[in-house]
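Here's the letter readout for the chains.
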Amino acid sequence: MILRPKIHSTVMVVADSFSELERSIISVEILLFLHYIILQCAYYAAWIQVNSGNESVTAVFKTTSSGFKAAGSVIARSKCWSMLKGGFTVDESGPAELYFESKNSSVELWVDSISLQPFTQEQWRSHQDQSIEKTRKRKVRIHVADERGNPISNASISTEQKTQSFPFGCAINKNILTNTAYQNWFTSRFKVTVFENEMKWYTNEVSPGNEDYTDADAMLQFVKQRNIAVRGHTVLWEDPQFIQGWVASLTQSDLANAVNKRINSIVSRYKGELIAWDVVNENLHFWFFESKLGESASASFYNLAQSVDGNTTLFLNEFNTIEENLDDKSKPDKYLQKLSQIQSFPRQNVLRLGIGLQGHFGKPPNLPYIRAAIDTLASASLPIWITELDVARDFGEQTQAQYLEQILRELHAHPRVNGIMLWSAWAPGGCYRMCLTDNNFNNLATGNVVDKLMQEWGFTASVGTTDADGFFETSLSHGDYTVKIGRHNVTTSSAQSFVVSTADTSEQTTLVLQVSA
């Protein structure tokens, strides 16, 4: 049930103090819905407007036992309506109150057309599964017949995906070059990767003028030999703690020259070799280059990268846009503002731009908020990738794996997400925050989640037998496949190829294969 009260109210919004007495409440009857269900997820939307200027407005729900829960925010404007989308999760039933807050205590706020949709976890999961089947997969019906067209029953069928339409991969580092067990574990699962540190400036140019791409070159050769695609990460990083000392000490003109040299060097070196580039990393939280070279510096970096390699999608890579709804620096509206700034730079009309969301989760995932944030970002009509997904080990192994599965299902179910990268490059001393295996490359609980979902989503082999009429039915993810047919315990000498395409207009693709008797 959706609540859609017709509200045209003016609310004086409180200052940034979050005490209960200072909160203003807009007439809400959400309690009628929360009281009669065991609410675990809720997705909501509202139209927001302020009387003057632009103000950040946050929606906050209050429940009996959980207290106040921020559920999303938006930059509200005067003279036009802005949609605020968000969500929250609780483990209780009972009444809830909805507040709208701003740090500006003098602003007047108008709220209209509030809608709320509550879900149980089972209902939310069902919606995810339906979305995955609709947007990521296709039902395939294979018919096996002999040379006369007669159906062959009880024939063994094995399909193997050779190329994924939906990229699902994992980071690696230089350890993979010398560790056979690591190589075997990784290459048996993933067809897309990203290098953890080997393409970063502080790795490639430790001292001025001494460029070293040895590890990156070797890793690129390794994965290309195995038909594994690569995302480039990262041309520049705005966080001062990851800026080489010699770079930080440069004068403004020397810094501009060094940055231009860096962009030209690495982008030209790997031109045509990568499927994407993270051009600027974490520019919503840090502004090292902009503070030295001017507000439009980051936008100019994209312009230069585009001029060097015009065929590779260039990403702005950021954290906390989907992980944390209280980080004002990187919320979806702020992300879109930065994109607009980059796109408005002169000669950017042909820019191939993408949205990179890191996905480092240090708190329990708020699935409704993740969905709402991606909905908002999708308005830019640009590719959206999850670029560095992990879950903190602080939760413990089993809870970490549980949260990883919840997040992966939510992201894969969203039709506007174009790829997912796990940030789990292996190292003897441990991974950044989330390993998938132990040091003997036996799966941890997180690795089991990955394997389970890859099997469920059709990224791995599918096997079965034909029925009495020679048919075998399965649901496969979009991509390129080979199929092998066996009869009387003898497998056909050559595999046949087929494509499960997003362009298929029918609900089911029927593939007719002929096997010699």
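Within any chain, residue numbers begin from 1 and follow the written order of that chain's sequence. With pLDDT at 70 or above as the cut-off, local features in this predicted model cover only qualifying residues; side-chain atom pairs require 80 or more to be listed or tallied, and sums for whole chains, interfaces and linings still use all residues. To get the side-chain values, all heavy atoms of the structure are used, and hydrogens and water are removed first.

Within an unreviewed UniProt entry, the label attached to the chain reads Endo-1,4-beta-xylanase, and the organism entered is Morella rubra.

## Re helix α5 (residues 214-224)
Our working rule: Whether a residue is buried, partly exposed or exposed follows from its accessible area with a 1.4 Å probe, protein chains only, as a fraction of its type maximum: under 20%, in between, or over 50%, in that order. Helix and strand assignments come from DSSP, with helices taken as H or I runs of at least 4 residues and strands as E runs of at least 2, each series counted from the N terminus. Along the arc lie the directions from the helix axis toward the C-beta atoms.
Inspection of α5 places Ala216, Met219, Leu220, Phe222 and Val223 among the buried residues, and these make up the whole buried set. Down the axis, α5 shows its buried residues gathered within 160° of arc, on one side only. In α5, the exposed residues that point more than 90 degrees away from the buried face are Thr214 and Gln221.

## Topic: the environment of Asn175
Stated precisely, the cut-off is as follows: The contact definition used throughout considers only heavy atoms, calling two residues in contact when any of these lie within 4.5 Å.
Relative to the helices and strands, Asn175 is located in the loop between β10 (168-172) and α3 (180-187). Taking the C-alpha atoms as reference points, Asn175 and Trp426, 251 residues apart in sequence, are found 7.4 Å from one another. Discounting residues that sit within four places of it in the chain, Asn175 has contacts with Tyr182, Trp426, Ala427 and Pro428.

## Some words on the side chain of Glu238
Counted only if it meets this: When charges are counted, Lys and Arg are positive and Asp and Glu negative, with His and the chain ends excluded. The salt bridge criterion pairs a side-chain nitrogen of Lys or Arg with a carboxyl oxygen of Asp or Glu, the two atoms within 4 Å. Throughout this description, a polar contact denotes any pair of N or O atoms lying within 3.5 Å of each other; where both atoms belong to protein, one of them has to be capable of donating a hydrogen while the other can accept it, and for residues adjacent in sequence the pair is counted only when both atoms sit in side chains.
Note on placement: Glu238 falls in the loop between β12 (229-237) and α6 (245-248). Despite being buried, Glu238 has no salt bridge partner; Lys338 is the closest side chain of opposite charge, sitting 6.7 Å away. Side chain to side chain, Glu238 and Asn283 meet in a polar contact 3.4 Å long. At 2.8 Å, the side chain of Glu238 and the backbone nitrogen of Phe288 are in polar contact. Contact partners of Glu238, with chain neighbours within four places excluded, come to Val280, Asn281, Glu282, Asn283, Phe286, Trp287, Phe288, Phe289, Glu290, Ser298 and Phe301.

## What to know about the side chain of Asp278
As for its position among the elements, Asp278 is in strand β13 (residues 276-281). The exposure class of Asp278 is buried, given its relative accessible area of 1%. Looking at Asp278, its side chain comes within polar contact range of the side chain of Arg231, at 2.8 Å. Within the local environment of Asp278, its side chain forms a polar contact with the side chain of His233, the two groups lying 2.8 Å apart. Sequence-distant contacts of Asp278, that is, excluding residues within four places in its chain, are made with Arg231, Gly232, His233, Thr234, Val235, Phe315 and Asn317.

## Remarks on the environment of Arg269
Its location among the elements puts Arg269 in helix α7 (residues 252-269). Classification of Arg269 by relative accessible area gives partly exposed; the value is 43%. Between the C-alpha atoms of Arg269 and Val308, which are 39 residues apart in sequence, the distance is 9.8 Å. When residues no more than four places from it in sequence are discounted, the contact partners of Arg269 are Tyr213 and Asp217.

## Brief notes about a nonpolar patch on the surface
Our working rule: The patches described consist of residues with a relative accessible area above 30% and no salt bridge, like charges being joined within 9 Å and nonpolar side chains (Val, Leu, Ile, Met, Phe, Trp, Tyr) within 5 Å. Using a 1.4 Å probe, the Shrake-Rupley method yields the accessible areas, and only the shown protein chains count as cover for residues.
Together, Trp47, Trp81 and Met83 line one region of the surface with nonpolar side chains, adding up to about 270 Å² of accessible area. For Trp47, the location among the structural elements is in strand β2 (residues 41-50). Residue classification places Trp47 among the partly exposed positions, given a relative accessible area of 34%.

## What to know about the sheet that holds strand β6 (residues 96-101)
Heads up, the rule is: Two strands qualify as a pair provided DSSP detects at least 2 bridges between them. Each axis is a line fitted through C-alpha atoms, and for a helix only the stretch in contact is used; angles between axes span 0 to 180 degrees, taken between their N-to-C directions.
Spatially, the 3 strands line up as an open sheet ordered β4-β3-β6, and their pairing is antiparallel. Looking along the sheet, the strands with just one partner apiece sit at the ends: β4 (67-77) and β6. The average undirected angle you get between the axes of adjacent strands in this sheet is 20°. For strand β3 (residues 54-63) and β4, the ladder comprises 9 bridges, and the chain directions are antiparallel. Following the sheet pairing, Thr63 is matched in β4 by Gly67.

## So, the nonpolar core
How we decide: Here, the term nonpolar core denotes a set of buried Ala, Val, Leu, Ile, Met, Phe, Trp, Tyr and Cys residues that are joined through side-chain atoms within 4.5 Å. Here the limits of each domain have been adopted from an automatic or database domain assignment.
If you look at the biggest cluster of nonpolar residues, it comprises 107 residues, and the most contacted ones within it are Phe168, Phe190, Trp277, Leu389, Leu408 and Leu422. When residues are assigned to domains, this core turns out to be shared by domain 1 (16-119) and domain 3 (166-457), each giving three or more. Apart from residues lying up to four places away in sequence, Phe190 is in contact with Phe168, Gly169, Cys170, Trp185, Ile228, Leu422, Leu436, Val450 and Met454. Core analysis: the second largest hydrophobic core is formed by 21 residues, Tyr44, Leu84, Leu109 and Ile114 among them.

## Considerations on unusual backbone geometry
That bond from His233 to Thr234 is cis: its omega, -10°, falls within 30 degrees of zero. For Asn154, which is not glycine, the phi torsion reads 60° and is therefore positive. Tracing the sequence through the fold places Asn154 in the loop between β8 (137-145) and β9 (156-164). Under the relative-accessibility criterion, Asn154 is labelled exposed at 60%. Positive phi, normally seen in glycine, also occurs at Glu282, with a value near 60°.

## Describing the pattern of salt bridges
In total, this model carries 24 salt bridges according to the counting rule given. Here Arg433 and Asp390 are joined by a salt bridge, their closest N and O atoms 3.0 Å apart. Note that Arg433 is positioned in the loop between β18 (417-422) and α13 (445-456) and Asp390 in strand β17 (residues 384-391), a separation of 43 residues in sequence. The class for Asp390 is buried, based on a relative accessible area of 0%. Connected via shared salt-bridge partners are Arg125, Asp129, Glu405, Arg409, Lys452 and Glu456.

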